[in-house]
Amino acid sequence: MWLIPHSRAGALWRFALAAFVVIACVAATTAVAGLLQFKQFATYLSATPALKNAQVVIPNPGEPQTILIIGSDHRAGTSFGSSNTDTMMLVRLDPSSSTINVMSIPRDLKVQIPEAGGLATSKLNSAYSIGGPNLLESVIKKNVFPGLKINHIVDVNFGGFQDLVNAIGCVYTDVDHRYYNNTAQTGYSSIDLNAGYQKLCGPDALSFVRFRHTDSDIVRNARQQDFIRWAKDQYGVTALVSNRDTLLKIFGKHTQTDRSLHTTDGLINLFNLVAFSAGHTIKQLAFPAILLPCPVTATGQTPCYVSADPSAEANVYSKFMTPTIAPATAAAPVVAAKRHRSPSAQALGLAADPADGKSQAKALGNAGLTVYYPKLIDSSSQYCMDVTANCYEPPNPTTVYVGAYPRAYVLHDPSGQPHAAYRLTLVVNSALGEYYGVQGTTWRTPPILKTPQQTRIVHGKKLLVYLNGHHITLVAWRTPQAAYWISNTLNDAISNGAMLAMAGSLTKAGP
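## Considering the overall build of the protein chain
Move 1: Helix and strand counts for the protein chain come out as 12 helices and 29 strands.
Move 2: Buried residues in the protein chain amount to 55% of all 511 residues.
Move 3: Counting only contacts in the protein chain whose residues sit at least 6 apart along the sequence, the fraction spanning at least 24 positions is 70%.

## What to know about the state of the cysteines
Move 1: Evaluation of the coordinates by the stated rule reveals 1 disulfide.
Move 2: At a sulfur-sulfur separation of 2.0 Å, the disulfide partner of Cys-170 is Cys-201. Here the disulfide of Cys-170 and Cys-201 is right-handed, its torsion about the S-S bond being about 100°. With Cys-170 in the loop between α4 (161-167) and β7 (171-175) and Cys-201 in the loop between β10 (196-200) and α6 (202-210), this pair connects stretches of sequence that are 31 residues apart.

## Side note on the nonpolar core
Move 1: In terms of nonpolar packing, the biggest core is built from 38 residues, with Tyr-179, Tyr-197, Phe-208, Phe-227 and Leu-449 touching the most fellow members.
Move 2: The biggest single contributor to this core is helix α7 (residues 217-234), with 5 residues.
Move 3: One finds Tyr-373, Tyr-436, Val-438 and Ala-498 within the second-largest nonpolar core, a separate group that totals 35 residues.

## Focus: the pairing of β7
In regular strands, side chains alternate between the two faces of the sheet.
Move 1: Most of β7 sits inside the fold, with 5 of its 5 residues counted as buried.
Move 2: Residues Val-171, Thr-173 and Val-175 line one face of β7 and the alternating positions Tyr-172 and Asp-174 line the opposite face, and both faces are buried.
Move 3: With 5 bridges joining them, β7 and β10 adopt antiparallel strand pairing. Opposite Tyr-172, over in β10, you have Lys-199 as the bridge partner.

## Observations concerning the confidence of the model for the protein chain
Move 1: For the protein chain, per-residue confidence averages 81 on the pLDDT scale, and 77% of positions sit at 70 or higher.
Move 2: Confidence, read as mean pLDDT per element, is least for helix α1 (residues 13-29) in the protein chain (43) and greatest for strand β28 (residues 483-487) (98).
Move 3: Note on residues 1-34: pLDDT is under 50 here. Beyond four places in sequence and across chains, it has 110 contacts.

## Concerning helix α11 (residues 354-364)
Move 1: Every buried residue belonging to α11 is among Gly-357, Gln-360, Ala-361 and Leu-364, and all of these are buried. Burial along α11 is one-sided: seen end-on, the buried residues are contained in an arc of 100°. Opposite its buried face, α11 presents the exposed residues Ala-355, Lys-358 and Lys-362, each directed more than 90 degrees away.
Move 2: Those residues of α11 that are buried are in contact with β19 (372-374), β21 (382-383), β22 (407-412) and β23 (418-429).

## Observations concerning the packing of aromatic side chains
Move 1: Counted according to the given criterion, the structure contains 12 aromatic pairs.
Move 2: Between Tyr-197 and Trp-485, the ring centres sit 5.4 Å apart and the planes meet at 90°, which makes this aromatic pair edge-to-face. Placement of Tyr-197 in strand β10 and of Trp-485 in strand β28 is noted, with a sequence separation of 288 residues between them.
Move 3: The class of Trp-485 is buried, set by a relative accessible area of 0%.
Move 4: Considering the side-chain rings of Tyr-372 and Trp-477, the 5.0 Å spacing of their centres and the 85° angle between planes classify their relative orientation as edge-to-face.

## Observations concerning helix α3 (residues 124-143)
Move 1: Taking 1.5 Å as the rise per residue, α3 with 20 residues should run 28 Å; its terminal C-alpha atoms sit only 9 Å apart, a clear shortfall.
Move 2: At Gly-131, α3 shows its maximal kink, close to 135°; a proline, Pro-133, follows between one and four residues later.
Move 3: For α3, the complete set of buried residues consists of Leu-124, Asn-125, Ala-127, Tyr-128, Ser-129, Gly-132, Pro-133, Leu-135, Leu-136, Glu-137, Val-139 and Ile-140.

Quick notes on the rules
- Residues numbered from 1 in each chain as written.
- Predicted model: local features only at pLDDT ≥ 70, side-chain atom pairs only at ≥ 80, totals over all residues.
- Heavy atoms only, no water.
- Helix = DSSP H or I, 4+ residues; strand = E, 2+ residues; numbered from the N terminus.
- Buried < 20%, exposed > 50% of the residue type's maximum accessible area, 1.4 Å probe, protein only.
- Contact = heavy atoms within 4.5 Å.
- Disulfide = S-S within 2.5 Å.
- Core = buried A, V, L, I, M, F, W, Y, C linked by side-chain atoms within 4.5 Å.
- Pairing = 2+ DSSP bridges.
- pLDDT = per-residue confidence, 0-100.
- Arc of directions from axis to C-beta.
- Phe/Tyr/Trp six-rings, centres within 6.5 Å; stacked < 30°, edge-to-face > 60°.
- Expected span 1.5 Å × (residues − 1).
- Bend = angle between axes of the 7 residues up to and from the residue.

This is the structure in structure tokens:
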């Protein structure tokens, strides 16, 4: 069981980072961002005291910067002994790179922490409780990434998350499966979300990004980083400019930074660098985590640690620090459409399953739009059904949530216009949080389809391809009446070829 007490907020700081980066970009690239405006921003960020003795290296103007983002329940001015942090993230901003490089470090990483004159084996997040951001940074350098130089530390308290989400008008989110937990039964955070593309506002967005019932650190980090990407891609500069003061006030109230970011010069230096990164995509680098076994013994539950091979850590750190050089032909975000010839379905790990697809379409009833299902699905997966327990996690593995799978529903766009929608959900491994889905909606221009990186033609369909690094995270297809897409698992477990082949096999459900 992977659960989080409802008294603690989950790793929500990633969204706060997205707000900070985007708002900073707006500030640096608009006419109002003069010296007086930067002084006002410094005032907002000074609503909480600066972190004492932060071990940061102040960069020269224009140099690349590495920022350590910490998500905690720490209140400014109190001791760190009762504080917790779920996950830590490194962000690399480099004016010579075409991407903003992001890497999460697992909270459960097995490390050696200075304690009582010696070293004690513990989880990385324990370093924060013992010695705050300074000890955490020191432990990361000694145990994970020797040679790491941090230019700024941003410690985000989770209290303002709901206000931030609501202030920007909520976030359209591609919810991969049914999320449910009842606090009254378990004592842990309540959540009640059905699968499907939908708008999440404060409380629901909070429950989505903090969920950790059966997730590993890897899947949870992937879900939170997806949320960042959806939020970043959804909002334009104009909307952010109009709300910049409100957002920065919220951010400043719930954030502590190193002393440099309390100064006008420090903010200008960082904001100018962010301005160069305005159009850059977020490149997520996966930490090479190894989930160690944590069996229950006669003396109780053993700690559930995450480990990593030092050479693999060095390799991913090198990639994190290396700027992404865009090819000369990358001026246009969408490449010319070209026909794609896939290997055989068997070679791609796919299986023909039209019978179950038809059954799913029939179970939707009148969905309000033409239903398409994939003739090919991942051979290790199966459809989630209301009549089975294959897609439900503890503590209620046999509970049947009527109407959850498959799901036909109404999706509202930002103007409030209703659109018919449906979601077919498939599970690869529920214990690992590996679900993928087929989405259809009469809303042909949802934010998630705003910026495809490539197009491909498969079986006569012009497919829009969306990438997370080199991995395909979503493949979409439009008809004159609707938009359809297949979403990969949160950890992009399905191969690029399989994603294209499944999307190319989308077939109209017959009578």
